[in-house]
Amino acid sequence: MKKIRIVTQIIFLIFFSFVIVSGNMVLWLGVFLLSLLGAAVFGRFYCGYICPMNTAMGVTANLAKRLNWQTKSVPKVLKSKILPWMILALMIATMIVSKRVLQLELPILLILMVLSIVITLRYEEWVFHNHVCPYGALLSLTGKGAKFSTKVDSSLCIGCKKCEKVCSSMAVKMEDISKVAKIDSALCHQCQACTIICPTKAIRYTKSS
Ligand code: SF4
Ligand code: SF4
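Quick caveat: nothing in here was measured; it's all calculated off a predicted structure.

**Q** Break down the site of ligand 2 for me, citing the residues and quoting the values.
**A** Among the 13 residues in the neighbourhood of ligand 2, the closest are listed as Cys167, Cys188, His189, Cys191 and Cys194. Among the detected pockets, ligand 2 sits in the largest cavity. Partitioning the shell around ligand 2 into residue classes produces eight nonpolar, five polar and no charged.

**Q** I'd love a proper account of the site of ligand 1, names of residues and values included.
**A** Close contacts around ligand 1 come from 14 residues, with Cys157, Cys160, Lys161, Cys163 and Cys198 the closest. Class assignment for the residues of the shell around ligand 1 results in 10 nonpolar, two polar and two charged.

**Q** Can you lay out the side chain of Gln190 for me, pointing to particular residues and giving the numbers?
**A** Turning to its location among the elements, Gln190 is positioned in the loop between strand 3 (181-183) and helix 10 (193-197). A polar atom in the side chain of Gln190 sits 2.9 Å from the side chain of Ser149. Setting aside chain neighbours within four positions, we find Gln190 in contact with Phe42, Gly43, Arg44, Phe45, Tyr49, Ser149, Thr150 and Tyr205.

**Q** So, a nonpolar patch on the surface: which residues are in play, and what are the values?
**A** Together, Val97, Val101, Leu102, Leu104 and Leu106 line one region of the surface with nonpolar side chains, adding up to about 450 Å² of accessible area. Relative to the assigned elements, Val97 resides in helix 5 (residues 83-100).

**Q** Requested: an account of a positive patch on the surface, with residues and values cited.
**A** Together, Lys161, Lys162, Lys165 and Lys179 give the surface a local cluster of positive charge. Turning to its location among the elements, Lys165 is positioned in helix 9 (residues 162-166).

**Q** Give a detailed account of the nonpolar core, specifying residues and quantitative values.
**A** If you look at the biggest cluster of nonpolar residues, it comprises 34 residues, and the most contacted ones within it are Tyr46, Met53, Phe128 and Tyr135. Counting residues per element, the ones that place at least two in this core are helix 1 (2-22), helix 2 (25-42), helix 3 (45-50), helix 4 (52-66), helix 5, helix 6 (108-122), helix 7 (125-131) and helix 8 (134-143). For Phe128, the residues in contact, after removing those within four places along its chain, are Met53, Met57, Leu112, Leu115, Ser116, Ile119 and Cys133. Counting 15 residues, the second largest nonpolar core, distinct from the first, contains Cys167, Ala171, Ala181 and Cys194.

Scoring rules and cut-offs
- Residues numbered from 1 in each chain as written.
- Chains lettered and ligands numbered in written order.
- Predicted model: local features only at pLDDT ≥ 70, side-chain atom pairs only at ≥ 80, totals over all residues.
- Heavy atoms only, no water.
- Near = heavy atom within 4 Å.
- 1 Å grid on protein atoms, 1.4 Å probe; cavity = no way out; pocket = protein on both sides within 12 Å on 5 of 7 lines; lining within 4 Å.
- Sits in = over half its atoms within 2 Å of the grid points.
- Nonpolar A, V, L, I, M, F, W, Y, C, P; charged D, E, K, R; others polar.
- Helix = DSSP H or I, 4+ residues; strand = E, 2+ residues; numbered from the N terminus.
- Polar contact = N/O pair within 3.5 Å; in protein donor to acceptor, adjacent residues only side chain to side chain.
- Contact = heavy atoms within 4.5 Å.
- Patch = residues over 30% accessible without salt bridge, like charges linked within 9 Å, V, L, I, M, F, W, Y side chains within 5 Å.
- Areas by Shrake-Rupley, 256 points an atom, 1.4 Å probe, with all protein chains shown as cover.
- Salt bridge = Lys/Arg side-chain N within 4 Å of Asp/Glu carboxyl O.
- Lys, Arg positive; Asp, Glu negative; His and termini not counted.
- Charge placed at Lys NZ, Arg CZ, Asp CG, Glu CD.
- Core = buried A, V, L, I, M, F, W, Y, C linked by side-chain atoms within 4.5 Å.
- Buried < 20%, exposed > 50% of the residue type's maximum accessible area, 1.4 Å probe, protein only.

Next comes the structure, spelled out in structure tokens:
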């Protein structure tokens, strides 16, 4: 599964580079819109397998952790729930103004990619995924009610928290009373890192109940 994910990410990174070089951003918009609709059925696969920012962030996070650059102390502004929506509004306004007034196609996705790398050099990946990325905010809306998603079978969970530790989007939470893990489909990227690490095979991609 891990290998399939890496290969898919590389293929889409190459495709993304082609889109940037050819200036045909409509192609990528098509990929995103299909993924946005698809998330309502299959979950946020765009984030886990397609998004070039997430691919770059994975490499950046590995490097930043090795060099001990990351801190767990995240400023309040980067924990705000409205920040990604403000960035989305700013992004749309900037695109309209630059196209209509300046006749310029701004490389918004590239700008976002640089931002994602800079933020991940200092903070864990969930900060950008859940509190900065405007695409993530949109995908959380459709991904929330996904018909199929990665779920925990509570009868098999022993509460070891290994899944929580490997999840880069903070989609896993331990329930206060039962002490078993629960996955939030709105935040889950369907990457299956938790499925692989779970010692009791309690996690599966399955139909939501
Ligand atoms: S890794 Fe598996 S057993 Fe451990 S807390 Fe997560 S779901 Fe439960
Ligand atoms: S909950 Fe599991 S499948 Fe979902 S993003 Fe986290 S590690 Fe990946």
